[in-house]
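# Fold and geometry: a report
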Amino acid sequence: MDRERAIKAVEEFLKSFGEDITREGLVDTPRRVADAFAELLSGNGKNAEEYLSKTFESAGRELIIEKDIGFSSTCEHHLMPFFGTMAIAYIPDKRVVGISKLARTVEVFSKRLQIQERLTNQIAEEIMRCLKPIGVMVVCEAEHTCMTCRGVKKPGSKVLTYAVAGDFSKEKRDEVFNLLR
Ligand code: ZN
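Residues numbered from 1 in each chain as written. Predicted model: local features only at pLDDT ≥ 70, side-chain atom pairs only at ≥ 80, totals over all residues. Heavy atoms only, no water.

### Notes on the sheet that holds strand E3 (residues 81–91)
Rule in force here: Note on pairing: two strands pair once DSSP finds at least 2 bridges between them. Going along the chain from the N terminus, every DSSP run of H or I of four or more residues is numbered as a helix, and every run of E of two or more is numbered as a strand.
Reading across the sheet, the 5 strands line up as E5-E2-E3-E6-E7 and stay open at both edges, with mixed pairing between neighbours. The open sheet has two free edges, formed respectively by strand E5 (113–114) and strand E7 (159–166), since each of these has just one partner strand. Pairing between strand E2 (residues 64–75) and E5: 2 bridges, direction parallel. Within the sheet, the bridge partner assigned to Thr74 lies in E5 and is Leu113.

Pasting the structure below:
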């Protein structure tokens, strides 16, 4: 990231709305916005391999679900936040991963410019690639501020997406949806 360039761009952006960027409240705003976005996009170029490779042996082949993993991401169409919860369900194949590592994986992919559908898919695919379970399903429920604060302005409306990878039958999907209900 070119921080100086980002700061200049935010200054120009504010000026294009006729804002006085020398007034007290705005004087540090371009720097703050640049630094905020550096954090919001800190997942760029990262993968979750280092988290998902720390696995433990497990004889079970029953569904494991981690739910209510809070996240926030940035909509690539409006540069506005969308946020909500993820649930990750997988059927292990002899190996399970530490609980916090799934949340870390969500973090890597949400801290980028995203659309919810791709975010959901990328998490499922990365878990499949690194952990190699029998199957994985990711369910994401999110509120998009670009939808609730502008445009159709429907506060509280949520978008639900899910993605599966590997072997995850219709029965298993229904089981997950039932458990999440
Ligand atoms: Zn948007």
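### Describing the packing of aromatic side chains
The condition is simple: Aromatic pairs are defined between Phe, Tyr and Trp rings, using the six-membered ring for Trp, whenever the two ring centres lie within 6.5 Å; interplanar angles under 30 degrees are classed as stacked, those over 60 as edge-to-face, and all others as tilted. For the exposure calls, accessible area comes from a 1.4 Å probe over protein chains only, and a residue counts as buried if that area is under 20% of its type's maximum, exposed if over 50%, partly exposed in between.
Summed over all chains, the structure comprises 3 aromatic pairs. Judged by centre distance (5.2 Å) and plane angle (90 degrees), the ring pair of Tyr162 and Phe177 falls under edge-to-face. In this pair, Tyr162 is assigned in strand E7 and Phe177 in helix H7 (residues 170–180), connecting sequence segments 15 residues apart. With a relative accessible area of 41%, Tyr162 lands in the partly exposed category. Here Phe177 falls in the partly exposed class, since its relative accessible area comes to 23%.

### What to know about the pattern of salt bridges
Close approach of charged atoms allows side chains with opposite charge to pair. Filter applied, for reference: Throughout this description, the term salt bridge denotes a Lys or Arg side-chain nitrogen within 4 Å of a carboxyl oxygen of Asp or Glu.
Overall, the coordinates contain 12 salt bridges when judged by the stated rule. Between Lys111 and Glu107 there is a salt bridge whose closest N-O contact spans 4.0 Å. Exposure remark for Lys111: the relative accessible area of 11% places this residue in the buried category. The partly exposed category is assigned to Glu107, whose relative accessible area is 38%. Here Glu126 and Arg129 are joined by a salt bridge, their closest N and O atoms 3.2 Å apart. With Glu126 and Arg129 both in helix H5 (residues 116–131) and 3 residues apart, this pair spans about one turn of that helix. Among the residues examined, Glu126 registers a relative accessible area of 7% and is labelled buried. Through salt bridges with shared partners, a single ionic network connects Arg3, Arg31 and Asp35.

### A word on the domain arrangement of the protein chain
For the record, the criterion: Residue ranges assigned to the domains are those given by an automatic or database domain assignment.
Annotation of the protein chain at the domain level lists domain 1 (3–40) and domain 2 (50–180). Each of domain 1 and domain 2 was reduced to a C-alpha centroid, and the two centroids are 33 Å apart.

### Regarding the nonpolar core
Threshold: As used in this record, nonpolar core signifies buried Ala, Val, Leu, Ile, Met, Phe, Trp, Tyr and Cys residues forming a set joined through side-chain atoms within 4.5 Å. Any two residues whose heavy atoms approach within 4.5 Å are treated as being in contact.
Phe71, Met86, Ile88, Ile123, Ile127 and Val136 are the most contacted members of the largest nonpolar core, which has 29 residues in total. Broken down by secondary-structure element, the contributors of at least two residues to this core are helix H3 (49–52), E2, E3, strand E4 (95–97), helix H4 (99–110), H5, strand E6 (135–144) and E7. Per-element accounting of this core gives the leading share, 6 residues, to H5. Residues within four places of Met86 in sequence aside, it is in contact with Glu66, Lys67, Asp68, Ile69, Phe71, Val106, Leu119, Ile123, Val138, Val139 and Cys140. By size, the runner-up hydrophobic cluster in this structure holds 8 residues, among which are Leu63, Ala89, Val139 and Val176.

### Side note on the coordination of the zinc ion
Test applied: Each metal site lists N, O and S donors within 2.8 Å (3.2 Å for Na, K and Ca). With water left out of the atoms, a site can look as if it is missing ligands.
Only Cys75 (SG), His78 (ND1) and Cys146 (SG) from the protein reach the zinc ion as donors, at distances of 2.1 to 2.2 Å. The sequence pattern describing where the donors of the zinc ion fall on their chain is C-x2-H-x67-C. Judged by its relative accessible area of 4%, Cys75 is buried.

### Thoughts on the packing of H4 against H5
Here is the rule we go by: Every axis in this analysis is a line fitted to C-alpha atoms, fitted for helices over the stretch in contact. Angles between the N-to-C directions lie between 0 and 180 degrees. Orientation labels follow simple angle bins: below 35 degrees gives roughly parallel, above 145 gives roughly antiparallel, 65 to 115 gives roughly perpendicular, and whatever is left gives oblique. Should the near helix be turned anticlockwise from the far one by less than a right angle, the crossing is termed left-handed; should it be turned clockwise, right-handed. Residues are sorted three ways: Asp, Glu, Lys and Arg are charged, Ala, Val, Leu, Ile, Met, Phe, Trp, Tyr, Cys and Pro are nonpolar, and all the rest, Gly among them, are polar.
Look at H4 against H5: their axes get within 10 Å of each other, and the N-to-C directions meet at 135 degrees. Taken together, the axis directions place H4 and H5 in an arrangement best described as oblique. H4 and H5 meet at a crossing whose hand is right-handed. Across the interface between the two elements, Leu102, Thr105, Val106, Phe109 and Ser110 of H4 pack against Leu119, Gln122, Ile123, Glu126 and Ile127 of H5. Partitioned by chemical class, the residues of the contact of H4 with H5 number 6 nonpolar, 3 polar and 1 charged.

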